[in-house]
Amino acid sequence: MSAPVVCLSIDHIGKPHGAHPWFDRGAQSPSGWLEVDLTLRYALAAEREFRRLGRLVCLLTDGTYAERWERADRYGASLYASLHADAGGGDRGTVYCDHRSTRGLELAGLVTGEIDDVVPWHVGLGVLDELTRGWACIHGVRAPAILVEPGFVDGAVWHDVPKPPGGLGALRHHEILWDSADAIGVALARGIDAWLSR
């Protein structure tokens, strides 16, 4: 049996994708960084962690969703993760799975728990079907698939965060999201690794 292959799809980078025929860089934070900047940061952190763990990883960065699914299928992907960040001013994160996949539900649950441990807001589990917006990102690949949205690019809610020496400070949601990108990527990789190790 061949080694598991992890396919990470980074949206808003490379060629136009999905329903967007234009060059779409994703939502913009109040600090000026773009969704694509965040997703690329946490994808690269996940890739480094996967390689440290001895896992094969493939970053998919261009083409439509259908073209990415076809490549993941051709590579024999053990799982597929579509990497995003949410927008619309919320104060939480969500890891979604396809409603038809019990294995995807298990995968999403493990990743949710790992990411929830590294950010000060709640990261929940979501289930997507044909009537939900994010389903278009993951429904056409054969492998179990998740859609990862660890927080809101434009989140303005204040969160208390540890500040040395032993005190608390406050930062806005989007600032913490940016500062936590590497930790989110490592958490993503560890959740996936735990699922692959079952």
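For the structure given in this document, a descriptive report is provided here. These figures come from a predicted structure and were not determined experimentally.

This structure, assessed with the given rule, holds 10 salt bridges. Arg71 serves as the salt-bridge partner of Asp62, at 3.3 Å between the closest nitrogen and oxygen. Each of Glu49, Arg52 and Arg190 takes part in a single network of salt bridges with overlapping partners.

Right, let's get into helix α5 (residues 181-196). Since the α-helix packs 3.6 residues into each turn, any two residues three or four apart lie on the same face. Over its 16 residues, α5 extends 23 Å from the first C-alpha to the last, a length consistent with the 22 Å expected when each residue adds 1.5 Å. Burial in α5 covers these residues: Ala181, Ile184, Gly185, Ala187, Leu188, Ala189, Gly191, Ile192, Asp193, Trp195 and Leu196. At its buried positions, α5 is contacted by β1 (5-10), α1 (35-52), β3 (79-83), α3 (102-116), β6 (145-149) and α4 (173-179).

On to α3. End to end, α3 covers 21 Å across 15 residues, agreeing with the expected 21 Å (1.5 Å per residue, within 8%). The set of residues buried in α3 consists of Gly104, Leu107, Ala108, Val111, Thr112 and Ile115. Buried positions in α3, seen along its axis, are confined to an arc of 135° and lie on one side of it. In the core, the buried residues of α3 are packed alongside β3, β4 (93-98), β5 (123-128), β6 and α5. The opening residue of α3 is Ser101, an N-cap whose side-chain oxygen sits 2.7 Å from the backbone nitrogen of Gly104.

Pairing is mixed in the open sheet, where six strands are placed in the order β2-β1-β3-β6-β4-β5. Lying at the two open borders of the sheet, with one neighbouring strand each, are β2 (56-60) and β5. Neighbouring strand axes in the sheet, compared pairwise and without regard to direction, differ in orientation by 20° on average. Bridge count for β1 against β2 is five bridges, and the pairing is parallel. Directly across from Val5, in β2, lies its bridge partner Leu56. Contacts from α3 reach β3, β4, β5 and β6 within the one sheet, and its direction differs from that of β5 by about 160°.

With that settled, consider the side chain of Ser9. The residue Ser9 is located in strand β1 in this model. For Ser9, the side chain forms a polar contact with the side chain of Tyr80, separated by 3.3 Å. Ignoring sequence-local partners within four residues, the contact set of Ser9 consists of Leu60, Arg68, Tyr80, Ala81, Ser82 and Leu83.

Time to look at the nonpolar core. By size, the foremost hydrophobic cluster in this structure holds 36 residues, and its most contacted members are Leu8, Leu83, Ile146, Leu188 and Ile192. The element contributing the most residues to this core is α5, with eight residues. Not counting chain neighbours up to four residues away, the residues in contact with Leu83 comprise Leu8, Ser9, Ile10, Asp11, Thr39, Tyr42, Ala43, Val148 and Leu188.

What follows deals with the packing of α3 against α5. Between α3 and α5, whose axes approach to 8 Å, the crossing angle comes to 140°. Classified by the angle between their axes, α3 and α5 sit oblique to one another. Seen from above, α3 lies across α5 with right-handed handedness. Residues Arg103, Glu106, Leu107, Leu110, Val111, Glu114 and Ile115 of α3 form the contact with α5, whose own contacting residues are Ile184, Ala187, Leu188, Arg190, Gly191, Ile192, Ala194 and Trp195.

The rules behind each value
Residues numbered from 1 in each chain as written. Predicted model: local features only at pLDDT ≥ 70, side-chain atom pairs only at ≥ 80, totals over all residues. Heavy atoms only, no water. Salt bridge = Lys/Arg side-chain N within 4 Å of Asp/Glu carboxyl O. Helix = DSSP H or I, 4+ residues; strand = E, 2+ residues; numbered from the N terminus. Expected span 1.5 Å × (residues − 1). Buried < 20%, exposed > 50% of the residue type's maximum accessible area, 1.4 Å probe, protein only. Contact = heavy atoms within 4.5 Å. Arc of directions from axis to C-beta. Polar contact = N/O pair within 3.5 Å; in protein donor to acceptor, adjacent residues only side chain to side chain. Pairing = 2+ DSSP bridges. Axes fitted to C-alpha atoms, helices over the stretch in contact; angles between N-to-C directions. Core = buried A, V, L, I, M, F, W, Y, C linked by side-chain atoms within 4.5 Å. Parallel < 35°, antiparallel > 145°, perpendicular 65-115°, else oblique. Left-handed = near helix turned anticlockwise from the far one by under 90°.

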